[in-house]
Amino acid sequence: MAGRPLIGISTYLEAGARWGAWELEAALLPAGYPRLVQQAGGLAAMLPPDTPEHAAAAVARLDGLVIAGGPDVEPVRYGAERDPRTGPPALARDAWELALIEAALAAGLPLLGICRGMQLLNVAVGGTLVQHIDGHAKTPGVFGRHPVKPVPGTLYATAVPEETSVPTFHHQAVDRLGAGLVVSAWAEDGTVEAVELPSVDWVLGVQWHPEMGEDLRVMQALVAASTAATTTAPSPTAS
């Protein structure tokens with residue numbers, strides 16, 4: 001029987017975080033992300049920002065990859081001027097996570113982008129972002145909910161075929177789709193809520209935060225794809 005697949009999750013890099021008597025720079029991640037991976041049947045590994053040239057080596061050790069939510073993507077990454085409402089840049093995360101995405105796409109590694117992660121996936125393949133929308137992040141620090149409707153026949157619809165209410169907190173969204181991406185879910189107001197890349201076996205981005213809800217199906221689909229990729233990979237040739 002195959003073991004649990006190893007799912008890497010990108011992390012924040014914060015100037016100061018407190019625990020006990022300590023306040024230090026920290027690579028951190030909300031616990032909902034690793035818990036969701038574990039509940040879905042995977043092993044979780046945190047991937048703090050590193051130099052981009054190490055991304056391919058990191059990806060080579062994984063069975064699947066999650067690009068987590070977080071701060072706004074630096075607008076220069078998609079050729080835009082900064083809107084005054086766009087948040088402070090996270091330059092190390094942008095560089096590292098874009099390199100992870102590019103390495104995962106090149107290797108055919110199953111990939112799930114969550115919120116910022118979906119936006120970065122779009123940027124990585126040449127898309128652009130809307131820098132501010134209203135109604136999807138109402139109270140700072142509090143997740144809202146709204147319905148999301150899947151597009152029939154898509155990867156997302158295979159995992160979640162019905163309209164569902166999802167936990168959400170974001171003020172940016174996909175604008176122009178990147179090369180090869182298709183929309184696989186919409187919000188009622190026309191916001192793109194999920195995208196996928198049909199040319200690769202399993203690549204999905206969702207605008208909401210499944211780690212803040214109870215529906216495991218999106219992560220279970222990633223774990224299943226990661227398990228399948230592991231069991232079908234060629235065995236090393238004995239020397």
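Everything quoted here is computed from the prediction, not taken from an experiment.

Draft legend 1. Region of interest: helix 1 (residues 32–39). Every buried residue of helix 1 is accounted for by Gly-32, Tyr-33, Pro-34, Leu-36 and Val-37. In the stretch just after helix 1, Gly-41 is the one whose phi turns positive, near 105°.

Draft legend 2. The packing of aromatic side chains, seen in detail. Taken as a whole and judged by the stated rule, the model has two aromatic pairs. With a centroid separation of 6.1 Å and 65° between ring planes, the pair formed by Phe-143 and Phe-169 is classed as edge-to-face. Placement of Phe-143 in the loop between strand 7 (129–130) and strand 8 (144–150) and of Phe-169 in the loop between strand 9 (164–168) and strand 10 (173–174) is noted, with a sequence separation of 26 residues between them. Lying over the aromatic face of Tyr-12, Arg-93 brings its terminal NZ or CZ to 4.7 Å of the ring centre.

Draft legend 3. Quick peek at the sheet that holds strand 11 (residues 182–187). Pairing is mixed across the open sheet formed by nine strands, whose spatial order is 4-1-5-6-13-12-11-8-9. Both outer strands of the open sheet, strand 4 (43–47) and strand 9, are each paired with one neighbouring strand and no more. Ignoring which end each strand starts from, the neighbouring axes of this sheet average 25° apart. Where strand 11 and strand 12 (residues 192–196) come together, four bridges link them in antiparallel fashion. The partner of Trp-186 across the bridge, within strand 12, is Val-192. The strands that helix 3 (residues 91–107) touches are strand 1 (6–10), strand 4, strand 5 (64–67), strand 6 (111–114) and strand 13 (203–206); relative to strand 5, the one it contacts most, it runs at about 150°. Of the strands in this sheet, strand 5, strand 6, strand 12 and strand 13 touch helix 4 (residues 116–124), which is tilted by about 115° from strand 6.

Draft legend 4. Expanded view of the pattern of salt bridges. Under the definition given, this model contains seven salt bridges. Linking Glu-97 and Arg-116 is a salt bridge whose minimum nitrogen-to-oxygen distance equals 2.9 Å. Of the two residues, Glu-97 sits in helix 3 while Arg-116 sits in helix 4, which places them 19 residues apart along the sequence. Given the relative accessible area of 0%, Glu-97 is considered buried. Among the residues examined, Arg-116 registers a relative accessible area of 1% and is labelled buried. A salt bridge links Asp-215 to Arg-217; the nearest nitrogen and oxygen atoms lie 2.8 Å apart. Arg-217 sits in the partly exposed class, given a relative accessible area of 26%. Sharing partners across several salt bridges, the network here consists of Arg-93, Asp-94, Glu-97 and Arg-116.

Draft legend 5. Structural context of the side chain of Glu-211. Counting through the fold element by element, Glu-211 comes out in the loop between strand 13 and helix 6 (217–232). Buried and unpaired, Glu-211 has no salt bridge, with Arg-93 as the nearest side chain of opposite charge at 10 Å.

Draft legend 6. Region of interest: the confidence of the model for the protein. When pLDDT is averaged along the protein, the result is 92, and 93% of the positions lie at 70 or above. Low pLDDT (under 50) marks residues 235–239, which in the prediction has zero contacts with non-local residues, meaning those over four places away or in another chain.

Draft legend 7. Local environment of the environment of Ala-124. Looking at the secondary structure, you find Ala-124 in helix 4. Each C-alpha atom of the pair Ala-124 and Leu-13 lies 21 Å from the other, and the pair is 111 residues apart in sequence. In this structure, Ala-124 is in contact with Leu-98 and Ile-101, ignoring residues within four places of it in sequence.

Draft legend 8. Summary view of the nonpolar core. Ranked by size, the top nonpolar core spans 32 residues in total, and within it Leu-65, Ile-67, Leu-100, Leu-111 and Leu-121 carry the most contacts. For this core, the elements supplying multiple residues, two or more each, are helix 2 (55–60), strand 5, helix 3, helix 4 and strand 12. In terms of residue count, helix 3 provides more of this core than any other element does, seven residues in total. Excluding residues within four positions of it along the chain, Leu-65 makes contact with Ile-7, Gly-8, Leu-47, Leu-100, Ala-104, Leu-109, Pro-110, Leu-111, Leu-112 and Leu-222. Within the second largest apolar cluster, 29 residues are counted, among which are Leu-36, Cys-115, Ala-194 and Val-218.

Draft legend 9. Summary view of the pairing of strand 5. Side chains of strand 5 alternate between two faces, with Gly-64 and Val-66 and Leu-65 and Ile-67 buried alike. As judged from the three bridges shared by strand 1 and strand 5, these two strands associate in the parallel manner. In the sheet register, Gly-8 faces strand 5, and the bridge partner there is Leu-65. Note that the unit made of strand 5, helix 3 and strand 6 has a crossover that is right-handed.

Reading the values: rules and limits
Residues numbered from 1 in each chain as written. Predicted model: local features only at pLDDT ≥ 70, side-chain atom pairs only at ≥ 80, totals over all residues. Heavy atoms only, no water. Buried < 20%, exposed > 50% of the residue type's maximum accessible area, 1.4 Å probe, protein only. Helix = DSSP H or I, 4+ residues; strand = E, 2+ residues; numbered from the N terminus. Phe/Tyr/Trp six-rings, centres within 6.5 Å; stacked < 30°, edge-to-face > 60°. Lys NZ or Arg CZ within 6 Å of the ring centre and 35° of its normal. Pairing = 2+ DSSP bridges. Axes fitted to C-alpha atoms, helices over the stretch in contact; angles between N-to-C directions. Contact = heavy atoms within 4.5 Å. Salt bridge = Lys/Arg side-chain N within 4 Å of Asp/Glu carboxyl O. Lys, Arg positive; Asp, Glu negative; His and termini not counted. pLDDT = per-residue confidence, 0-100. Core = buried A, V, L, I, M, F, W, Y, C linked by side-chain atoms within 4.5 Å. Right-handed = clockwise from strand over helix to strand, strands pointing away.

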